[in-house]
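# Reading the structure
The lines below spell out each chain.
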Amino acid sequence: QVQLVESGGGLVQAGGSLRLSCAASGRTFSSYAMGWFRQAPGKEREFVAAIDWSASITYYADSMKGRFTISRDNAKNTMYLQLNSLKPEDTAVYYCTAAKTGVASRAPSNYDYWGQGTQVTVSS
């Protein structure tokens, strides 16, 4: 019942910035918790950031806190991830996800819908 489409990935130099977007279908977007995960070659998928239905609670992975910012615009059915001070180790496919419960979590099992991913590559 929900489709998620990521965009905004690309190739940037270390220290640069990108803004990722996740556009969601459905009339109940405002009730979903939303999140971002990423997966680098040869590594497990890892939590990046999450935001609850009200945008009053946000979570970040420790290594990304202070560099990345998650936000949402319910009027546009869109979630964003601002990536700043990018490092080569941030290179990964970034996935958008949504939870029907509206409760944000660091656990992938919390989420019900997943996007196709967008590639972020950071060069040194």
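Before any of the text, the structure's been laid out above.
Residues numbered from 1 in each chain as written. Predicted model: local features only at pLDDT ≥ 70, side-chain atom pairs only at ≥ 80, totals over all residues. Heavy atoms only, no water.

## Here we look at the overall build of the protein
Per the secondary structure count, the protein includes zero helices and 11 strands. Here the C-alpha radius of gyration of the protein, 13 Å, is about what a compact globule of 124 residues would show, namely 14 Å. Projecting the C-alpha coordinates of the protein onto the three principal axes gives extents of approximately 40 × 25 × 25 Å. A burial count over the protein gives 46% of its 124 residues as buried. Long-range pairs, those at least 24 residues apart, make up 59% of the contacts in the protein with a sequence separation of at least 6. A total accessible area of about 6,200 Å² is found for the protein, and carbon and sulfur atoms account for 48% of it. For the protein, the distance from the average position of its 12 positive side-chain charges to the average position of its 9 negative side-chain charges is 4 Å. (Helix = DSSP H or I, 4+ residues; strand = E, 2+ residues; numbered from the N terminus. Rg over C-alpha atoms; globule rule 2.2 N^0.38 Å. Buried < 20%, exposed > 50% of the residue type's maximum accessible area, 1.4 Å probe, protein only. Contact = heavy atoms within 4.5 Å. Areas by Shrake-Rupley, 256 points an atom, 1.4 Å probe, with all protein chains shown as cover. Lys, Arg positive; Asp, Glu negative; His and termini not counted. Charge placed at Lys NZ, Arg CZ, Asp CG, Glu CD.)

## Notes on the pattern of salt bridges
Evaluation of the coordinates by the stated rule reveals three salt bridges. With its nearest N and O atoms 2.6 Å apart, the salt bridge here joins Glu 46 to Arg 38. Residue Glu 46 is classed as partly exposed on the basis of its relative accessible area of 26%. Arg 38 sits in the buried class, given a relative accessible area of 5%. Here Arg 38 and Asp 90 are joined by a salt bridge, their closest N and O atoms 2.9 Å apart. You can see Arg 38 sitting in strand β4 (residues 33–39) and its partner Asp 90 sitting in the loop between β8 (78–83) and β9 (92–99), a full 52 residues away along the chain. The pair formed by Arg 38 and Asp 90 is uniform in burial state, with each residue classed as buried. Connected through shared salt-bridge partners, Arg 38, Glu 46, Arg 67 and Asp 90 make up one network. (Salt bridge = Lys/Arg side-chain N within 4 Å of Asp/Glu carboxyl O.)

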